[in-house]
Amino acid sequence: MSLLKVSAISKQQDGAFILKDISFEQQRFQHIAIAGETGSGKSTLLKMISGLAQPDSGQVFFEEQKVKGPLQVLIPGHPGVAYLSQYFELRHNYRVDEILSYANMLTDEEAQNIYRICQIDHLLQRRTDQLSGGEKQRIALARLLTTAPRLLLLDEPYSNLDMIHKQTLKTVINDIGEKLEITCMLVSHDPQDILSWADTVFLMRNGEIIQQGAPEEVYNHPVNEYAAGLLGKYNLIPSAGDGKSLFIRPEHFIINGNTPGAFSGQVQSVSFWGGYYDIEIQPAKKNKITVRQLSTSLKKGDTVNVAVLPEHIWYL
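In this report, we go over the structure that sits alongside the text. Along each chain, the written sequence defines residue order, and numbers are assigned to residues from 1. Local features are withheld for residues below a pLDDT of 70 in this predicted model, meaning they are given only at 70 or higher, and side-chain atom pairs are given and counted only at 80 or more; totals for whole chains, interfaces and linings count all residues. Processing note: side-chain calculations cover all non-hydrogen atoms of the structure and skip hydrogens and water entirely.

**Here we look at the side chain of His31**
Definition in use: The helix and strand labels rest on DSSP assignments: H or I over at least four residues marks a helix, E over at least two residues marks a strand, and numbering proceeds from the N terminus. When accessible area is computed with a 1.4 Å probe and restricted to protein chains, residues below 20% of their type maximum are described as buried, those above 50% as exposed, and intermediate ones as partly exposed. Pairing of N or O atoms within 3.5 Å defines a polar contact, subject to two protein rules: one partner must be a possible hydrogen donor and the other a possible acceptor, and residues neighboring in sequence count only if both atoms are side-chain atoms. In this description, contact between two residues means that some pair of their heavy atoms is separated by no more than 4.5 Å.
Residue placement: His31 occurs in the loop between strand E2 (16-26) and strand E3 (32-36). Take His31: its relative accessible area is 17%, and that puts it in the buried class. Within the local environment of His31, its side chain forms a polar contact with the backbone oxygen of Trp197, the two atoms lying 3.1 Å apart. Here His31 is in contact with Cys184, Trp197, Ala198, Asp199 and Thr200, once residues within four sequence places are set aside.

Next up, the structure:
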């Protein structure tokens, strides 16, 4: 039995589809991540799953119970499903423990465990105007968790966070799944946030899921150029005759190897990105390409031989 079943839901606004015939299932403890450009329908989808938005057609079932929209219930929302918006709010001039107590459905011991997992147990006596943005977000998350959800929907949880608070929140979200055994669905525009976390990735455009699959599959074998761009840098090299282009991620090139089919090019720039270098190379009579290397001694103006790893050949 699936935890969640979304069946052919659609939503229109001003004659245009916000969501169009979306169907999928989520199993218990399965991590689903959703990526797509702004306006592709990601947030609307999460709101419909949580019962906070009304579909024009189709149905959502959570634990085999129909999720009713705000036109069907007095208080929007579905028991067991929690939605954290990127625009969450906390009441001003309240202590953290006061805010958390209002929604708490757990025992004191269970609630304290939530606070430890969310890394806010040291903040309980502070007032909300004494908190950073990352601390406020973890408190809003803990407040949702005290309602004992079985499905947690996270809408752009890492937006507007510095790297320190972002890494803390990633640890918290992992612990929520592993220690609290809560199933999660997450929306993010950053591929680094989702590729290492998700079991399944959905790519959305114009209200439709255009591709879904394991992170490795959608990253290495996108259905089109839009899907490719959602998950990071890429290169397209036109091939002769068939109108298709060779799709290659920057890390799937070899520089100065003995691989058959290598071509020469001149280094245009070398950029250091912390754990790797991106090297722009201009081949003769080909589009400029970006090659990624963990280390390099190359500099602008050098001539190099470049080849594609055969196992990573894919055409668009």
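**Quick look at empty space enclosed by the protein**
Our working rule: Here the term cavity refers to a set of points on a 1 Å grid, laid over the protein atoms alone, in which a 1.4 Å probe fits but cannot get out; the term pocket refers to an open set having protein on both sides within 12 Å along at least five of seven lines, with lining residues being those that place an atom within 4 Å of a point. Grid points are joined across faces, edges and corners, and a volume is the space filled by probe spheres set on the points. Side-chain classes follow a simple rule in which Ala, Val, Leu, Ile, Met, Phe, Trp, Tyr, Cys and Pro form the nonpolar group, Asp, Glu, Lys and Arg form the charged group, and the remainder, Gly included, forms the polar group.
Applying the stated criterion across every chain, the model contains 1 cavity of 30 Å³ or more. Asn220, Phe247, Ile248, Arg249, His252 and His312 are the residues that line the largest cavity. Taken together, the residues of the lining of the largest cavity sort by class into 2 nonpolar, 3 polar and 1 charged.

**What about the sheet that holds strand E11 (residues 235-238)?**
The condition is simple: Between any two strands, at least two bridges found by DSSP are needed for them to pair.
Taken together, 3 strands build an open sheet; the order of strands is E11-E12-E18 and the sheet is antiparallel. The open sheet is flanked by E11 and strand E18 (314-315), the only strands paired with a single partner. Across 4 bridges, the pairing between E11 and strand E12 (residues 245-248) is antiparallel. Among the inter-strand pairings, Asn235 is bridged to a residue of E12, identified as Ile248.

**Describing the packing of helix H4 (residues 133-145) against helix H5 (residues 163-179)**
To keep things clear, this is the line we draw: To obtain each axis, a line is fitted to C-alpha atoms, and for helices this fit is confined to the stretch in contact; angles are then taken between N-to-C directions over 0 to 180 degrees. Our angle categories are set so that under 35 degrees counts as roughly parallel, over 145 as roughly antiparallel, 65 to 115 as roughly perpendicular, and the remainder as oblique. A crossing counts as left-handed when the near helix is turned anticlockwise from the far one by less than a right angle, and as right-handed when that turn is clockwise.
One can describe the packing of H4 onto H5 by two numbers: an axis separation of 10 Å at closest approach and a directional angle of 15°. Taken together, H4 and H5 sit at an angle that is classed as roughly parallel. The two elements H4 and H5 meet at a crossing, and its hand is right-handed. Seen from H4, the contacting residues are Gly134, Glu135, Gln137, Arg138, Leu141 and Leu145; seen from H5, they are His165, Thr168, Leu169, Val172 and Ile176. The residue makeup of the contact of H4 with H5, split by class, is 5 nonpolar, 4 polar and 2 charged.

**A short note on the environment of Ala111**
In this structure, Ala111 sits in helix H3 (residues 108-117). Classification of Ala111 as buried rests on a relative accessible area of 3%. In this structure, the C-alpha to C-alpha distance between Ala111 and Leu100, residues 11 residues apart in sequence, is 9.0 Å.

**Some details on unusual backbone geometry**
The backbone of Asn93 shows a phi angle near 60°, a positive value even though the residue is not glycine. Relative to the elements of secondary structure, Asn93 occurs in the loop between strand E6 (81-84) and helix H2 (96-103). On the basis of relative accessibility, which here comes to 49%, the residue Asn93 falls in the partly exposed class. You will see that Gln119, though not glycine, has its phi angle at about 55°, which is positive.

**Some details on the sheet that holds strand E1 (residues 4-13)**
Read across the sheet, 4 strands follow the order E2-E1-E4-E5 without closing on themselves; strand pairing throughout is antiparallel. Only two strands of the sheet have a single partner each, and these edge strands are E2 and strand E5 (65-66). Its contacts with the sheet put helix H1 (residues 42-50) on E1, E2 and strand E4 (57-62), and the angle it makes with E2 is roughly 55°.

Function-wise, these values are silent; they only describe arrangement.
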